Number of protein chains: 2
Amino acid sequence: MTVDRTDEEILGALQRNGRASYAEVGQQVGLSAPAVKRRVDRLRADGVIRGFTALVDPAVLGWATEAYVEVFCAGNVSPDGLRRTLESIPEVVDACTVTGEADALVHLRAGDIRHMETVLERVRRDRRVDHTRSVIVLSRLVERAAP
Amino acid sequence: MTVDRTDEEILGALQRNGRASYAEVGQQVGLSAPAVKRRVDRLRADGVIRGFTALVDPAVLGWATEAYVEVFCAGNVSPDGLRRTLESIPEVVDACTVTGEADALVHLRAGDIRHMETVLERVRRDRRVDHTRSVIVLSRLVERAAP
DNA sequence: GCTGAAACGAAGTGGAT
DNA sequence: ATCCACTTCGTTTCAGC
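Analysis parameters
- Residues numbered from 1 in each chain as written.
- Chains lettered and ligands numbered in written order.
- Predicted model: local features only at pLDDT ≥ 70, side-chain atom pairs only at ≥ 80, totals over all residues.
- Heavy atoms only, no water.
- Near = heavy atom within 4 Å.
- Polar contact = N/O pair within 3.5 Å; in protein donor to acceptor, adjacent residues only side chain to side chain.
- Helix = DSSP H or I, 4+ residues; strand = E, 2+ residues; numbered from the N terminus.
- Nonpolar A, V, L, I, M, F, W, Y, C, P; charged D, E, K, R; others polar.
- 1 Å grid on protein atoms, 1.4 Å probe; cavity = no way out; pocket = protein on both sides within 12 Å on 5 of 7 lines; lining within 4 Å.
- Points joined across faces, edges and corners; volume = space filled by probe spheres on them.
- Buried < 20%, exposed > 50% of the residue type's maximum accessible area, 1.4 Å probe, protein only.
- Arc of directions from axis to C-beta.
- Contact = heavy atoms within 4.5 Å.
- Salt bridge = Lys/Arg side-chain N within 4 Å of Asp/Glu carboxyl O.

**Considerations on the protein's contact with DNA strand D**
The local shell around DNA strand D consists of Ser21, Tyr22, Pro34 and Lys37 of chain A together with Arg19, Ser32, Pro34, Ala35, Arg38 and Arg39 of chain B. Per the 4 Å cut-off to the protein, sugar and phosphate atoms form 78% of the nearby atoms of DNA strand D. Between DNA strand D and the protein, one listed contact pairs a base oxygen with a side-chain N or O atom of Arg38 of chain B at 3.1 Å. Taken together, the elements giving at least two residues each to the surface near DNA strand D come down to helix H3 (33-45) of chain A together with helix H3 (33-45) of chain B. When residues of the surface near DNA strand D are assigned to their parent elements, the largest contribution, four residues, is made by H3 of chain B. Grouping the amino acids of the surface near DNA strand D by side-chain chemistry returns four nonpolar, two polar and four charged.

Next up, the structure:
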């Protein structure tokens, strides 16, 4: 599973425009449409491309309140148990285990502060969770699709 | 700029598969392909849909190390100046101002720890930045496209 | 292995109703 | 919003590098 320079250019083109035609991508990378399609099919099969998605403004759908929550667990923590709990909460956008005092960092999206409070209560309901420390997002400074 | 129930279903379908054909989306929401296309065009024009993108596994491209950095500023901080600094650093995936002790929370992606250290130095080079507190991501627990 | 060219069916697109 | 016509794209097959 090797990704060469041309593959990277194709990935870049599809990150910029996920609905670009193969011919359009081919023009950018100097390849014909069928050649691009074959590479994209391979990149998808190899898991390099996980999928394609529409980028939707969360605020329009009523998800205007964001928070980052540090989760502190009691005693030894198995990441997998915590993962199942967090995965069952739809307001969890992403979550990861981290170094430092906290065990996990959880990114939440809710409609408003009241809604956010109920989500936090739900996170804390897990017996593994000892306590949490939250910060509310005031404004987005940078938001990128890829590095 | 109003988003009705059908629009939301279309958005959901396109978040699940950003390259779905209009006919395919139409079948899911009970509309003809041209009707779906018209709605999608409107949603894009209104900024509800910001674009379409390929979801690429960062690790395959050599972006294996992630960190979240709390940025503490000296004195009064203007979010816009900090935004310009962070935007100029390609390793910044996203960043936001937050409540609490820190002024901003920055999500970074780098190739390895050595690379991450140089990125952190670059963040701290900004005169606004007094100090930073970082956590390194150990493992992803949840990763969603949308709430 | 990879590529590009051709061909056919499917999808995108604009206009009329 | 649907229907229709026309254009463009997706996809397979084939042959050449």
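Okay, back to it.
**So, the layout of surface pockets**
Gaps between atoms show up when a probe of the same size as a water molecule is rolled over them. Space inside the largest pocket adds up to approximately 1500 Å³. Lining of the largest pocket is provided by 46 residues; of these, Leu55 and Ala145 of chain A together with Leu55, Arg144 and Ala145 of chain B occupy positions nearest its centre. It is strand S1 (residues 49-56) of chain A that contributes the most residues to the lining of the largest pocket, seven residues altogether. Broken down by class, the residue content of the lining of the largest pocket amounts to 23 nonpolar, eight polar and 15 charged.

**Some remarks on helix H4 (residues 79-87) of chain A**
What H4 of chain A keeps buried is the set Gly81, Leu82, Thr85 and Leu86 of chain A. Projected onto a plane normal to the axis of H4 of chain A, the buried residues spread over an arc of 130 degrees and lie on a single side. Against the buried residues of H4 of chain A lie strand S2 (65-73), strand S3 (92-98), strand S4 (104-110) and strand S5 (129-143) of chain A together with strand S5 (129-143) of chain B.

**Some details on the pattern of salt bridges**
Under the criterion given, the structure shown has 30 salt bridges over all chains. In this structure, the salt-bridge partner of Arg84 of chain A is Asp80 of chain A, at a minimum N-O distance of 3.0 Å. One end of the pair is Arg84 of chain A and the other is Asp80 of chain A, both in helix H4 and four residues apart, which spans about a single turn. Residue Arg84 of chain A is classed as exposed on the basis of its relative accessible area of 51%. By relative accessible area, Asp80 of chain A is classed as partly exposed at 41%. Here Arg140 of chain B makes a salt bridge to Asp94 of chain A, at a shortest N to O gap of 3.6 Å. Within this pair, whereas Arg140 of chain B is found in strand S5, its partner Asp94 of chain A is found in strand S3, the two belonging to separate chains. Classification of Arg140 of chain B as partly exposed rests on a relative accessible area of 23%. On the accessibility criterion, Asp94 of chain A (16% relative accessible area) is buried. Taken together, the salt bridges that share partners define one network made up of Asp4, Asp7, Arg39 and Arg42 of chain A.

Note that every value here comes from positions in space, so none of it alone points to a role or purpose.
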